Amino acid sequence: AELIQQKKHIVTELIKTQETDGYIGIFTEGTRQQGWDTHEGAYIILALTNDYILFNEEKSLRAAVKYADYMIDRQVEQMTGIDEAFFQLYHVTNDRNYVDYCINEMGLNELYFRMQHHTRHVYGHIERALMQLKLYEIEPDEKLLYKPRVAVEFLVNMDALDIIGGAGMYEH
């Protein structure tokens, strides 16, 4: 009970910081929705959506939708995490906008990356493969299975995975 009270307090305080346009974060106008701000914002959306799923907190879902719509309206810099947050929102709201953004703006259904960030980091490749599997669950298309298969093959059969579970030198 104490932990749930603490969670409620933290979520309530977070939602209080949401600006009227939907933004939640610490960056000033003009520096928002770039790099880590977008990355962290995606996980705020995911957390708020999960708060709705696990605790039926309508205010969390409303805040998540408002922030996600803010990101879509501004065509934010694309970083890891956005697609996961948007798919979770799609599953809760059935709003196709979130899936369409991942396809049309992030190119999630394409073989090659549109996002420069993903091309430089192992976790970007792994995240992309996982999100293509999630997109496959929504829209089955054989080409979405290519990257996940290549990633697993490389990690498991080509000694690309360290014993501790890490992959790639310096994240690359």
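Look up: the structure comes first, before these words.
Now for a description of the structure that goes with this document.

Scoring rules and cut-offs
- Residues numbered from 1 in each chain as written.
- Predicted model: local features only at pLDDT ≥ 70, side-chain atom pairs only at ≥ 80, totals over all residues.
- Heavy atoms only, no water.
- Phe/Tyr/Trp six-rings, centres within 6.5 Å; stacked < 30°, edge-to-face > 60°.
- Helix = DSSP H or I, 4+ residues; strand = E, 2+ residues; numbered from the N terminus.
- Lys NZ or Arg CZ within 6 Å of the ring centre and 35° of its normal.
- Contact = heavy atoms within 4.5 Å.
- Axes fitted to C-alpha atoms, helices over the stretch in contact; angles between N-to-C directions.
- Parallel < 35°, antiparallel > 145°, perpendicular 65-115°, else oblique.
- Left-handed = near helix turned anticlockwise from the far one by under 90°.
- Buried < 20%, exposed > 50% of the residue type's maximum accessible area, 1.4 Å probe, protein only.

## A short note on the packing of aromatic side chains
Moving on, step 1. All told, the structure shown has 5 aromatic pairs when counted by the stated rule.
Moving on, step 2. When the ring of Tyr-67 is compared with that of Tyr-70, the centres are 6.1 Å apart and the planes differ by 50 degrees; the resulting orientation is tilted. Here Tyr-70 and Tyr-67 lie together in helix H3 (residues 58-73), a separation of 3 residues that amounts to about one turn.
Moving on, step 3. Here the aromatic cluster, defined as three or more aromatic residues joined through ring pairs, consists of Tyr-23, Tyr-67 and Tyr-70.
Moving on, step 4. Cation over ring: Lys-7 sits above Phe-55, and NZ or CZ is 4.2 Å from the ring centre.

## Description of the side chain of His-39
Moving on, step 1. Of note, His-39 is situated in helix H2 (residues 36-55).
Moving on, step 2. Contact partners of His-39, with chain neighbours within four places excluded, come to Met-79 and Thr-80.

## Section: the packing of helix H7 (residues 122-138) against helix H8 (residues 146-157)
Moving on, step 1. Following both chains from N to C, one finds H7 and H8 inclined at 135 degrees, their axes separated by 8 Å at the closest point. It follows from the interaxial angle that H7 and H8 lie oblique. Every pair of crossing elements has a handedness; the one defined by H7 and H8 is left-handed. On H8, the residues touching Ile-126, Arg-128, Ala-129, Gln-132 and Leu-133 of H7 are Lys-147, Pro-148, Ala-151 and Leu-155.

## With respect to unusual backbone geometry
Moving on, step 1. Unlike most non-glycine residues, Asn-56 shows phi in positive territory, near 55 degrees.
Moving on, step 2. Residue position: Asn-56 is located in the loop between H2 and H3.
Moving on, step 3. Residue Asn-94 is not a glycine yet carries a positive backbone phi of 60 degrees.
Moving on, step 4. Assignment of secondary structure puts Asn-94 in the loop between helix H4 (82-93) and helix H5 (97-104).

## A word on the environment of Gly-22
Moving on, step 1. As for its placement among the helices and strands, Gly-22 is situated in the loop between helix H1 (2-16) and H2.
Moving on, step 2. In this structure Gly-22 comes out as buried when scored by relative accessible area, which is 0%.
Moving on, step 3. Separated by 40 residues in sequence, Gly-22 and Arg-62 place their C-alpha atoms 9.9 Å apart.
Moving on, step 4. The residues contacting Gly-22, other than those within four sequence positions of it, are Lys-66, Tyr-67 and Tyr-70.

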